[in-house]
Amino acid sequence: MSTLHTLDRSWGNKKAFITVRKGDKYLHTVGEEYDLCECHTEEGSHFITGSAVVYNTLLVNELRDLSAVVLDMHYNEACKSYSGLIEALKKAYGDEVSDSMKVTVVFLRRLQ
């Protein structure tokens, strides 16, 4: 099973949620199962806290076109706002993040 990492220290406890990933790497992952890893970068530690299955994906050609309705499903409360999502993406991907970049919204359902 592959692993999805979060730098936010917690995947939360929602049964269904989204994550937003740069590019289209996760576009064709419907049906795939992932371990959910919480990454504690300052300590260099990783903790698997559950697993989830991808039940849908959505390619958004420009990040700025991402719907507030979709953002509201994000597992991270801070990423439910556009500015919070941009900040989190910059933390994960660096300064090359822009509102015109292509992203994939990954819809997940928790297995455990």
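In this text, all values refer to a predicted model and were calculated from it rather than measured experimentally. (Residues numbered from 1 in each chain as written. Predicted model: local features only at pLDDT ≥ 70, side-chain atom pairs only at ≥ 80, totals over all residues. Heavy atoms only, no water.)

Caption draft 1: Expanded view of the packing of aromatic side chains. All told, the structure shown has three aromatic pairs when counted by the stated rule. The ring of Tyr 26 has Arg 21 lying over it, and the distance from NZ or CZ to the ring centre is 5.9 Å. (Phe/Tyr/Trp six-rings, centres within 6.5 Å; stacked < 30°, edge-to-face > 60°. Lys NZ or Arg CZ within 6 Å of the ring centre and 35° of its normal.)

Caption draft 2: Summary view of the pattern of salt bridges. Taken as a whole, this structure holds four salt bridges when the rule is applied. Two residues, Arg 64 and Asp 99, come together in a salt bridge whose shortest N-O distance is 3.0 Å. Placement of the pair is Arg 64 in the loop between β4 (45-60) and α1 (68-71) and Asp 99 in the loop between α2 (82-93) and β5 (103-110), with a sequence separation of 35 residues. As a salt-bridge pair, Lys 80 and Glu 77 come within 3.2 Å of each other at their nearest N and O atoms. Overlapping salt bridges, with partners in common, bring together Glu 62, Arg 64 and Asp 99 in one network. (Salt bridge = Lys/Arg side-chain N within 4 Å of Asp/Glu carboxyl O. Helix = DSSP H or I, 4+ residues; strand = E, 2+ residues; numbered from the N terminus.)

Caption draft 3: Region of interest: the layout of surface pockets. Of the volumes computed, that of the largest pocket is approximately 310 Å³. Around the largest pocket, the lining is made up of 18 residues, and of these His 5, Leu 7, Arg 21, Ala 92 and Tyr 93 lie nearest the centre. Among the elements of the structure, β1 (2-6), β2 (16-22) and α2 are those that each provide at least two residues to the lining of the largest pocket. A total of six residues in the lining of the largest pocket trace back to one element, the largest contributor, which is α2. (1 Å grid on protein atoms, 1.4 Å probe; cavity = no way out; pocket = protein on both sides within 12 Å on 5 of 7 lines; lining within 4 Å. Points joined across faces, edges and corners; volume = space filled by probe spheres on them.)

Caption draft 4: How the structure looks around the nonpolar core. Residues Val 20, Leu 63, Leu 66, Leu 85 and Val 105 are the most contacted members of the largest nonpolar core, which totals 16 residues. Among the elements of the structure, β2, α1, α2 and β5 are those that each provide at least two residues to this core. The residues touching Val 20, leaving out its near neighbours within four places in the chain, are Leu 66, His 74, Leu 85, Leu 89, Val 103, Thr 104 and Val 105. (Core = buried A, V, L, I, M, F, W, Y, C linked by side-chain atoms within 4.5 Å. Buried < 20%, exposed > 50% of the residue type's maximum accessible area, 1.4 Å probe, protein only. Contact = heavy atoms within 4.5 Å.)

Caption draft 5: Main features of the confidence of the model for the protein. Scored by pLDDT, the protein has a mean of 89; 94% of the residues are at 70 or more. When the elements of the protein are averaged for pLDDT, β1 gives the smallest value, 82, and β5 the largest, 96. (pLDDT = per-residue confidence, 0-100.)

Caption draft 6: Representation of the environment of Lys 25 within the structure. Relative to the helices and strands, Lys 25 resides in the loop between β2 and β3 (33-40). Separated by 29 residues in the primary sequence, Lys 25 and Val 54 place their C-alpha atoms 13 Å from one another.

Caption draft 7: Structural context of the side chain of Asn 76. With respect to the helices and strands, the residue Asn 76 is situated in the loop between α1 and α2. A relative accessible area of 14% places Asn 76 in the buried class. Among the polar contacts listed, one links the side chain of Asn 76 to the backbone nitrogen of Ala 78, at a separation of 2.8 Å. (Polar contact = N/O pair within 3.5 Å; in protein donor to acceptor, adjacent residues only side chain to side chain.)

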